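Working through the structure, step by step
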Amino acid sequence: MPEETIFSKIIRKEIPSDIVYQDDLVTAFRDISPQAPVHVLIVPNHLIPSVNDVTDDDEAVMGRMMNVARIIAEQEGITESGYRLIVNCGPDGHQDVMHLHMHILGGRDMGFMLSRP
Ligand code: DGP
């Protein structure tokens, strides 16, 4: 069994967070360290550590995450201005929390897709 992270406690509301959406499959809450005026994380309610651990059985929840990104964009008023969705995976992707999550970032021009060192 993979080890739970802080996100499982957020999903179960055992610790405080700013949850903006929750249903039977996913939870969305504001990032503790926002990188943009809108920075929300969308996570599956059951623990999937990373994209590397996604299975055929997870297709419904993966689809729900994308649909909820659209709903949150509407809630946050950034549908027309646009936004960026990011899913980090593994060391090179700089995934820090091993509970698969999608970042939705917006409310300002997000710039080029990748920094150019
Ligand atoms: P990543 O690098 O893709 O694994 O991003 C993890 C994000 O999770 C990072 O932007 C900060 C956020 N985060 C970490 N711990 C907490 C927490 O306890 N609460 C909230 N709301 N966000 C957290």
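Check the entry above for the structure.
A few points on the structure. (Residues numbered from 1 in each chain as written. Predicted model: local features only at pLDDT ≥ 70, side-chain atom pairs only at ≥ 80, totals over all residues. Heavy atoms only, no water.)

1. What about the site of the ligand?
Surveying the vicinity of the ligand reveals 15 residues, the closest of which are Asp31, Asn88, Asp96, His101 and His103. Separating an oxygen atom of the ligand from a side-chain N or O atom of Asn88 is a distance of 2.8 Å. Isolated, the ligand exposes 510 Å² of accessible area, and the fraction of that covered by the protein chains is 82%. Secondary structure elements with two or more residues in the shell around the ligand: helix H1 (6–11) and strand S2 (26–30). (Near = heavy atom within 4 Å. Polar contact = N/O pair within 3.5 Å; in protein donor to acceptor, adjacent residues only side chain to side chain. Areas by Shrake-Rupley, 256 points an atom, 1.4 Å probe, with all protein chains shown as cover. Helix = DSSP H or I, 4+ residues; strand = E, 2+ residues; numbered from the N terminus.)

2. Description of the pairing of strand S3 (residues 38–44)
Of all 7 residues making up S3, 7 are buried, and the element is well covered by its neighbours. Residue alternation in S3 divides its side chains into two sets, Val38, Val40, Ile42 and Pro44 and His39, Leu41 and Val43, and both sets are buried. Bridge count between S2 and S3: 5 bridges; the pairing is antiparallel. Within S3, the residue paired with Arg30 across the bridge is Val40. With 5 bridges connecting them, S3 and strand S5 (residues 102–106) associate as antiparallel partners. The residue bridging Val40 from the neighbouring strand is Ile104, located in S5. (Buried < 20%, exposed > 50% of the residue type's maximum accessible area, 1.4 Å probe, protein only. Pairing = 2+ DSSP bridges.)

3. Things to note about the environment of Ile104
Inspection of the secondary structure assignment puts Ile104 in strand S5. Excluding anything up to four places from it in sequence, Ile104 contacts Val38, His39, Val40, Ile42, Ala69, Ile72, Ala73, Tyr83, Arg84 and Leu85. (Contact = heavy atoms within 4.5 Å.)

4. Brief notes about the sheet that holds strand S4 (residues 83–86)
Taken in spatial order, the 5 strands line up as S1-S2-S3-S5-S4 in an open sheet, and their pairing is antiparallel. Only two strands of the sheet have a single partner each, and these edge strands are strand S1 (19–22) and S4. Taken pair by pair, the neighbouring strands of this sheet meet at an average axis angle of 20°, ignoring direction. (Axes fitted to C-alpha atoms, helices over the stretch in contact; angles between N-to-C directions.)

5. What about the nonpolar core?
Ranked by size, the top nonpolar core spans 18 residues in total, and within it Tyr21, Val26, Ala28, Val40, Ile42, Ile72 and Ile104 carry the most contacts. Listed by contribution, the elements that provide at least two residues to this core are S1, S2, S3, helix H2 (59–76) and S5. Among the elements that take part in this core, H2 stands out by supplying 6 residues, more than any other. Phe7, Ile11, Phe29 and Val43 belong to the second largest nonpolar core, which has 6 residues in total. (Core = buried A, V, L, I, M, F, W, Y, C linked by side-chain atoms within 4.5 Å.)

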